[in-house]
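Chain by chain, the residues:
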Amino acid sequence: MTQYEVVGIGNAVVDVISHADDAFLQDNGIEKGIMQLIERDRAENLYATMQDRLQTPGGSVANTIAGIGALGLPTAFIGRVNDDELGQFYAKAMTDIGIDFVNAPVTGGENPTSRCMIFVTPDGERSLNTYLGISTGLTSDDVPQAVASSAKLMFLEGYLFDHDAGKTAFREAARAATAGGGMAGIAISDPFCVERHRDDFLALIENDLGYVIGNEAEIRALWETDDLEDALTRTAAICDTVVCTRSGDGVTLIRKGERVDVPVTKVTPVDATGAGDQFAAGFLYGMATGRDLETCGKMGNICAAEVISHIGPRPQTSMMELFKEKGLV
């Protein structure tokens, strides 16, 4: 059985990216700068309005896994796609870049493959409109025990926590990874997801996870507080490693009492899509290869800075070369 450095479980979503101005967003009822869940009909209508489509296999954790794979580590991704045109595109695109796409496209699935229409405005802000489709149907049956138990690091996507079957799959996958000598963690994904499932989120973090990654709003949402320092302290009390990204203010990392604050150079993004996903890729690469906490944070920041310098949620430059330039490898 393949020993994977990192295995991700998440929504398998085809990202479709297009440029738009603020007037277009307003005319089409798109709320700027956030992710909105939409139904199938609206997904088809929005897709038809997109003029300069860039189509890539996406999903938050899938983007992270792609970033880690590009750095040369053996990786796998667990997610559901339909055996339709987009699903076949997704499976092939993941396999083509060396990621073990564990689940074959589902034949006869009721819902089509998930897709996210991303509209990028001139200021670099992105507005996401996601039709979740078949990906939300993930259950324990989609998570092979052999794959989960062979993961050095397991990375879970908070969005899938919205479904009871997803919660169960996460718990079982995390426990299988831990039993196999690995460590599981989660990307919180969205403060609203936390608000819907706070008790379950906290129980999973405390009992089954070794690390948690979130932004300021997500970490605060765990404890229903506006005091970030209090939220960080409380999260660190129940989880060995806590990572909080703070956009242009850098990142805070806490591991077993050690705290590191890693600054960033503020830049205007070309496209902020994928910043958090690629930060996680750099951070997890550092974790998987035994780097110290500060180096893990720096690797994450470098990956995030690269991805916001261009359109699209995945790196277009050799991140290993950038790591070498910064003396990190």
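Conventions used here
- Residues numbered from 1 in each chain as written.
- Predicted model: local features only at pLDDT ≥ 70, side-chain atom pairs only at ≥ 80, totals over all residues.
- Heavy atoms only, no water.
- Helix = DSSP H or I, 4+ residues; strand = E, 2+ residues; numbered from the N terminus.
- Rg over C-alpha atoms; globule rule 2.2 N^0.38 Å.
- Buried < 20%, exposed > 50% of the residue type's maximum accessible area, 1.4 Å probe, protein only.
- Contact = heavy atoms within 4.5 Å.
- Areas by Shrake-Rupley, 256 points an atom, 1.4 Å probe, with all protein chains shown as cover.
- Lys, Arg positive; Asp, Glu negative; His and termini not counted.
- Charge placed at Lys NZ, Arg CZ, Asp CG, Glu CD.
- Pairing = 2+ DSSP bridges.
- Axes fitted to C-alpha atoms, helices over the stretch in contact; angles between N-to-C directions.
- Salt bridge = Lys/Arg side-chain N within 4 Å of Asp/Glu carboxyl O.
- Phe/Tyr/Trp six-rings, centres within 6.5 Å; stacked < 30°, edge-to-face > 60°.
- Core = buried A, V, L, I, M, F, W, Y, C linked by side-chain atoms within 4.5 Å.
- Expected span 1.5 Å × (residues − 1).
- Parallel < 35°, antiparallel > 145°, perpendicular 65-115°, else oblique.
- Left-handed = near helix turned anticlockwise from the far one by under 90°.
- Nonpolar A, V, L, I, M, F, W, Y, C, P; charged D, E, K, R; others polar.

## So, the overall build of the protein chain
Link 1 in the chain: Within the protein chain one finds 13 helices and 14 strands.
Link 2 in the chain: The C-alpha radius of gyration of the protein chain comes to 18 Å, within 12% of the 20 Å expected for a compact globule of 329 residues.
Link 3 in the chain: Within the protein chain, the proportion of its 329 residues that are buried is 56%.
Link 4 in the chain: By sequence separation, contacts in the protein chain at least 24 residues apart represent 72% of the contacts at least 6 residues apart.
Link 5 in the chain: Summed over its atoms, the accessible surface of the protein chain is roughly 13,600 Å², and 46% of this surface lies on carbon and sulfur atoms.
Link 6 in the chain: If you average the places of the 26 positive and of the 48 negative side-chain charges in the protein chain, the two averages end up 4 Å apart.

## Thoughts on the sheet that holds strand 12 (residues 241–245)
Link 1 in the chain: As summarised here, the arrangement of the nine strands in space is 6-5-1-9-10-11-12-13-14, forming an open sheet in which the pairing is mixed. In this open sheet, the two edge strands, each paired with only one partner strand, are strand 6 (100–101) and strand 14 (258–262).
Link 2 in the chain: Examined bridge by bridge, strand 5 (residues 75–78) and strand 6 share two bridges and lie parallel to one another. Its bridge partner lying in strand 6, Phe-77 is registered against Phe-101.
Link 3 in the chain: Packed onto the sheet, helix 3 (residues 60–70) meets strand 1 (4–9), strand 5 and strand 9 (151–157) and runs at close to 165° relative to strand 5.

## A short note on the pattern of salt bridges
Link 1 in the chain: Going through the model one piece at a time under the given rule, you end up with 19 salt bridges.
Link 2 in the chain: Put simply, Arg-198 and Glu-224 hold a salt bridge, and the shortest N to O gap is 3.6 Å. On the criterion of sequence distance, the pair formed by Arg-198 in helix 8 (residues 198–208) and Glu-224 in the loop between helix 9 (216–223) and helix 10 (228–236) is long-range, its members being 26 residues apart.
Link 3 in the chain: On the basis of relative accessibility, which here comes to 15%, the residue Arg-198 falls in the buried class.
Link 4 in the chain: Ionic contacts of the salt-bridge type, sharing partners, join the residues Glu-229, Arg-246, Arg-259 and Asp-261 into one network.

## Topic: the packing of aromatic side chains
Link 1 in the chain: Following the criterion strictly, the structure yields eight aromatic pairs and no others.
Link 2 in the chain: On the basis of an interplanar angle of 20° and a centroid distance of 6.2 Å, the ring pair of Phe-155 and Tyr-211 is categorised as stacked. Placement of Phe-155 in strand 9 and of Tyr-211 in strand 11 (residues 211–215) is noted, with a sequence separation of 56 residues between them.
Link 3 in the chain: Given a relative accessible area of 1%, Phe-155 falls into the buried group.
Link 4 in the chain: Residues Phe-161 and Phe-201 carry aromatic rings whose centres are separated by 4.7 Å and whose planes lie at 40° to one another, so their mutual orientation is tilted. With Phe-161 in the loop between strand 9 and helix 6 (164–179) and Phe-201 in helix 8, this residue pair connects regions lying 40 residues apart in the sequence. Each member of the pair Phe-161 and Phe-201 is classed as buried.

## Some remarks on the sheet that holds strand 4 (residues 54–58)
Link 1 in the chain: The strand order across the open sheet built from five strands is 3-8-7-2-4, with neighbouring strands paired in mixed fashion. Edge positions in the sheet fall to strand 3 (35–37) and strand 4, since each of these pairs with one other strand and no more. Across this sheet, the average inter-strand angle for adjacent strands is 25°, counted without regard to direction.
Link 2 in the chain: Pairing between strand 7 (residues 114–120) and strand 8 (residues 126–131): six bridges, direction antiparallel. Paired with Cys-116 across the two strands is Thr-130, which belongs to strand 8.
Link 3 in the chain: Here helix 2 (residues 40–49) sits on the sheet and contacts strand 2 (13–19), strand 4, strand 7 and strand 8; the angle it forms with strand 7, its principal contact strand, is near 45°.
Link 4 in the chain: Packing of helix 4 (residues 85–96) onto the sheet brings it into contact with strand 2, strand 4 and strand 7, and relative to strand 4 it is tilted by some 70°.

## A look at the nonpolar core
Most often, soluble globular proteins keep nonpolar side chains buried together rather than apart.
Link 1 in the chain: Counting 58 residues, the largest nonpolar core has Phe-77, Tyr-90, Phe-119, Phe-155, Phe-283 and Phe-323 as its most contacted members.
Link 2 in the chain: Sort the elements by how many residues they give to this core and helix 11 (residues 275–288) lands first, with eight residues.
Link 3 in the chain: Counting 43 residues, the second-largest nonpolar core is a separate cluster that includes Tyr-4, Leu-160, Phe-170 and Ile-186.

## What to know about helix 6
Link 1 in the chain: End to end, helix 6 covers 23 Å across 16 residues, agreeing with the expected 22 Å (1.5 Å per residue, within 8%).
Link 2 in the chain: For helix 6, every residue scored as buried is listed here: Gly-166, Lys-167, Ala-169, Phe-170, Ala-173, Ala-174, Ala-176 and Ala-177.
Link 3 in the chain: Contact partners of the buried residues in helix 6: strand 1, helix 5 (145–148), strand 9, strand 10 (183–187) and helix 8.
Link 4 in the chain: Just beyond helix 6, the residue with positive phi is Gly-181, at close to 95°.

## A closer look at the packing of helix 9 against helix 10
Any two packed helices are characterised by how steeply their axes cross, that is the angle between the axes, and by the distance between the axes.
Link 1 in the chain: The contact between helix 9 and helix 10 brings their axes to 9 Å, and the two run at 70°. Relative to helix 10, the element helix 9 is oriented roughly perpendicular. Here the hand of the crossing between helix 9 and helix 10 comes out left-handed. Judged by residue contacts, Glu-216, Ile-219, Arg-220, Leu-222 and Trp-223 of helix 9 engage Leu-228, Ala-231, Leu-232, Arg-234 and Thr-235 from helix 10.
Link 2 in the chain: Per-class residue counts for the contact of helix 9 with helix 10 are six nonpolar, one polar and three charged.

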